[in-house]
Amino acid sequence: MTGFALGAEQEEWCGQLRALAADRLRPLAEKGGPGRVNRPLLAALGELGLLERVFTSGALELCLLRESLAYGCTEAETALALQGLGAHPVLSRGTPEQRERWLPRVRAGRAVAAFALSEPGAGSDAAALALEAVRDGDGWRLDGEKCWISNAPEADFYTVFARTGEGPAAKGVTAFLVPADRPGLSGEPLDMLSPHPIGRLAFDGVPVGPQDLLGEPGRGFRVAMDTLNRFRPSVGAFAVGMARAALDATLAYTAARRAFGGVLGDLQAVGHRVAEMATRTEAARLLVYAAAGAYDAGAPDVPRRSAMAKLLATETAQYVVDHAVQLHGAVALQRGHLLEHLYREVRAPRIYEGASEVQRTIIAKELYR
């Protein structure tokens with residue numbers, strides 16, 4: 001990438017991904033049930049080598065991947081991203097045995113990963129985790145609950161963050177890799193607005209040992225934050241992909257829909273609204289790419305840039321999709337319409353992986369640091 005323009009090869013690759021998402025992945029997504037893990041879709045992402053890219057790509061390439069898939073098939077984008085989020089701690093902190101057991105299956109789309117951080121009383125304030133890891137011999141037993149966990153309860157393993165008590169707040173959190181078949185671990189799905197799978201997990205004396213650690217005891221919060229910093233710019237890319245899809249649909253519709261003696265696009269009010277949608281989308285896209293470039297360059301201000309990118313892109317996508325629905329009118333509210341789908345999808349990214357208010361807090365702290 002030169003400045004803020006993509007190279008010809010990058011543009012070509014993005015175009016191929018958009019076509020692939022629409023032609024190959026969208027039909028698989030439509031066969032899946034809402035709120036359920038779509039294993040055939042995951043297998044296709046593995047066969048196409050796209051899951052492998054989640055673990056081998058730089059931040060910018062990951063953003064281009066997520067944006068392009070989101071444009072054509074949000075379900076495929078989300079399935080891919082959740083594999084990365086759940087398994088990245090294994091890649092970055094896992095033992096050779098953990099990596100050997102799980103990562104090849106995750107890359108192939110044969111094992112479903114999940115990132116289990118949030119709890120009923122610890123969402124935005126992740127340092128307030130209450131899931132307790134009580135010492136039991138040379139290991140621990142996990143007691144408590146996780147909530148709003150993507151891919152739960154159908155995942156094959158969970159990256160779980162629990163309080164081991166080495167210090168107060170964030171200093172006493174440890175990360176564990178917990179296979180789904182551990183005794184005492186149960187879960188149930190939650191019926192949510194967004195169509196991807198989300199559930200609740202209950203831990204009733206779930207045994208974990210030193211072999212299940214991801215990193216060192218008491219260092220789990222850093223594992224969580226490193227993972228979120230890695231994926232936050234690409235959450236913004238997901239949002240940009242949705243915004244671009246909504247914008248293109250709006251351009252096509254308002255250029256063809258006849259009203260008041262012409263087409264909608266001839267009306268100044270409509271033209272100005274579309275211009276605003278396009279400008280905000282482009283600004284968000286550039287900020288996402290800049291944050292990803294900073295991550296790849298090892299810049300010291302990655303937390304601030306990542307937070308800015310997620311904040312602006314997710315808020316922009318909400319704006320663009322909402323106004324796209326308004327300009328389409330009642331047709332966009334029909335079940336199965338692209339914009340009806342995007343309207344349900346676009347709301348959640350403003351909350352997960354740090355709500356917009358949390359991103360503003362991060363930005364302010366980094367500015368005053």
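Residues numbered from 1 in each chain as written. Predicted model: local features only at pLDDT ≥ 70, side-chain atom pairs only at ≥ 80, totals over all residues. Heavy atoms only, no water.

**Remarks on the overall build of the protein chain**
Helix and strand counts for the protein chain stand at 11 helices and nine strands. Taken over the C-alpha trace, the protein chain has a radius of gyration of 21 Å; the compact-globule value for 369 residues is 21 Å, and the two agree within 12%. With respect to the principal axes defined by its C-alpha atoms, the protein chain has extents near 80 × 50 × 40 Å. Out of the 369 residues belonging to the protein chain, those deemed buried represent 53%. Surface summary for the protein chain: the accessible area is close to 15800 Å², and the carbon and sulfur share equals 53%. If the 41 positive side-chain charges of the protein chain are averaged to one point and the 43 negative ones to another, these points end up 2 Å apart. (Helix = DSSP H or I, 4+ residues; strand = E, 2+ residues; numbered from the N terminus. Rg over C-alpha atoms; globule rule 2.2 N^0.38 Å. Buried < 20%, exposed > 50% of the residue type's maximum accessible area, 1.4 Å probe, protein only. Areas by Shrake-Rupley, 256 points an atom, 1.4 Å probe, with all protein chains shown as cover. Lys, Arg positive; Asp, Glu negative; His and termini not counted. Charge placed at Lys NZ, Arg CZ, Asp CG, Glu CD.)

**Concerning the pairing of strand 4 (residues 157–163)**
With respect to burial, strand 4 is a largely interior element, seven of its seven residues being buried. Pairing of strand 1 (residues 113–116) with strand 4 involves four bridges; the strand directions are parallel. Each residue of the ladder has a partner; that of Phe-115, found in strand 4, is Thr-159. As paired elements, strand 4 and strand 5 (residues 173–179) share seven bridges and run antiparallel to each other. Bridge pairing links Tyr-158 to Val-178 in strand 5. (Pairing = 2+ DSSP bridges.)

**Here we look at the nonpolar core**
If you look at the biggest cluster of nonpolar residues, it comprises 103 residues, and the most contacted ones within it are Leu-45, Leu-142, Tyr-158, Phe-161 and Phe-176. Ranked by residue count, the leading element in this core is helix 7 (residues 220–256), at 15 residues. Judged by nonpolar contacts, the second largest core, of five residues, contains Ala-307, Leu-311, Val-358 and Ile-362. (Core = buried A, V, L, I, M, F, W, Y, C linked by side-chain atoms within 4.5 Å.)

**Comments concerning the environment of Leu-213**
Residue placement: Leu-213 occurs in the loop between strand 7 (198–208) and helix 7. Each C-alpha atom of the pair Leu-213 and Val-173 lies 11 Å from the other, and the pair is 40 residues apart in sequence.

**Some details on the packing of helix 4 (residues 59–72) against helix 5 (residues 74–93)**
Angle between the axes and distance between the axes are the two parameters that describe a pair of packed helices. With their axes 6 Å apart at the nearest point, helix 4 and helix 5 run at an angle of 145° to one another. Each of Leu-65, Arg-66, Leu-69, Ala-70 and Gly-72 in helix 4 lies in contact with helix 5, whose residues at this interface are Thr-74, Glu-77, Leu-80 and Ala-81. The residue makeup of the contact of helix 4 with helix 5, split by class, is five nonpolar, two polar and two charged. (Axes fitted to C-alpha atoms, helices over the stretch in contact; angles between N-to-C directions. Contact = heavy atoms within 4.5 Å. Nonpolar A, V, L, I, M, F, W, Y, C, P; charged D, E, K, R; others polar.)

**Regarding the environment of Asp-296**
Note that Asp-296 resides in helix 8 (residues 268–296). By relative accessible area, which is 42% here, Asp-296 ends up partly exposed. Through-space distance from the C-alpha of Asp-296 to that of Ala-59 is 5.9 Å; in sequence the pair is 237 residues apart. For Asp-296, the residues in contact, after removing those within four places along its chain, are Gly-58, Ala-59 and Leu-60.

**Quick word on the packing of aromatic side chains**
All told, the structure shown has three aromatic pairs when counted by the stated rule. A centroid spacing of 4.6 Å and a plane angle of 40° characterise the contact between Trp-102 and Phe-157, whose relative ring orientation is tilted. One end of the pair, Trp-102, is in helix 6 (residues 96–107); the other, Phe-157, is in strand 4, and 55 residues separate them in sequence. Judged by its relative accessible area of 4%, Trp-102 is buried. Here Arg-230 stacks its cationic end above the ring of Phe-231, 5.9 Å away from the centre of that ring. Directly above the aromatic system of Tyr-319 lies the positively charged group of Arg-280, at a separation of 3.7 Å from the ring centroid. (Phe/Tyr/Trp six-rings, centres within 6.5 Å; stacked < 30°, edge-to-face > 60°. Lys NZ or Arg CZ within 6 Å of the ring centre and 35° of its normal.)

**Notes on the side chain of Thr-159**
Mapping Thr-159 onto the fold places it in strand 4. Within the structure, Thr-159 has its side chain in polar contact with the backbone oxygen of Gly-86 (distance 2.7 Å). Thr-159 has contacts with Gly-86, Pro-89, Val-90, Ala-114, Phe-115, Ala-116, Phe-176 and Leu-214, leaving out every residue within four places of it along the chain. (Polar contact = N/O pair within 3.5 Å; in protein donor to acceptor, adjacent residues only side chain to side chain.)

**Observations regarding the pattern of salt bridges**
Any two side chains of opposite charge can pair if their charged atoms end up close together. Tallied over the entire structure, the rule returns 24 salt bridges. Across the pair Glu-276 and Arg-280 runs a salt bridge, and its minimum N-O distance is 2.8 Å. Of this pair, Glu-276 and Arg-280 both sit in helix 8, four residues apart, roughly one helical turn. On the basis of relative accessible area, Arg-280 is assigned to the partly exposed category, the value being 33%. (Salt bridge = Lys/Arg side-chain N within 4 Å of Asp/Glu carboxyl O.)

**Considering helix 9 (residues 302–328)**
In this model helix 9 runs 38 Å from its N-terminal to its C-terminal C-alpha over 27 residues, within 8% of the 39 Å that 1.5 Å per residue would give. Gly-329 sits one or two residues past helix 9 and shows a positive phi near 80°. (Expected span 1.5 Å × (residues − 1).)

**Points about helix 11 (residues 356–368)**
Taking 1.5 Å per residue, 13 residues should reach 18 Å; helix 11 reaches 19 Å between its end C-alpha atoms and fits that length. When helix 11 is considered as a whole, its buried residues turn out to be Ser-356, Val-358, Gln-359, Ile-362 and Ile-363. Taken end-on, helix 11 shows its buried residues confined to a sector of 160°, consistent with a single buried face. Exposed residues lying more than 90 degrees from the buried face of helix 11 are Glu-357, Lys-365 and Tyr-368. Buried residues along helix 11 sit in contact with helix 7 and helix 9. (Arc of directions from axis to C-beta.)

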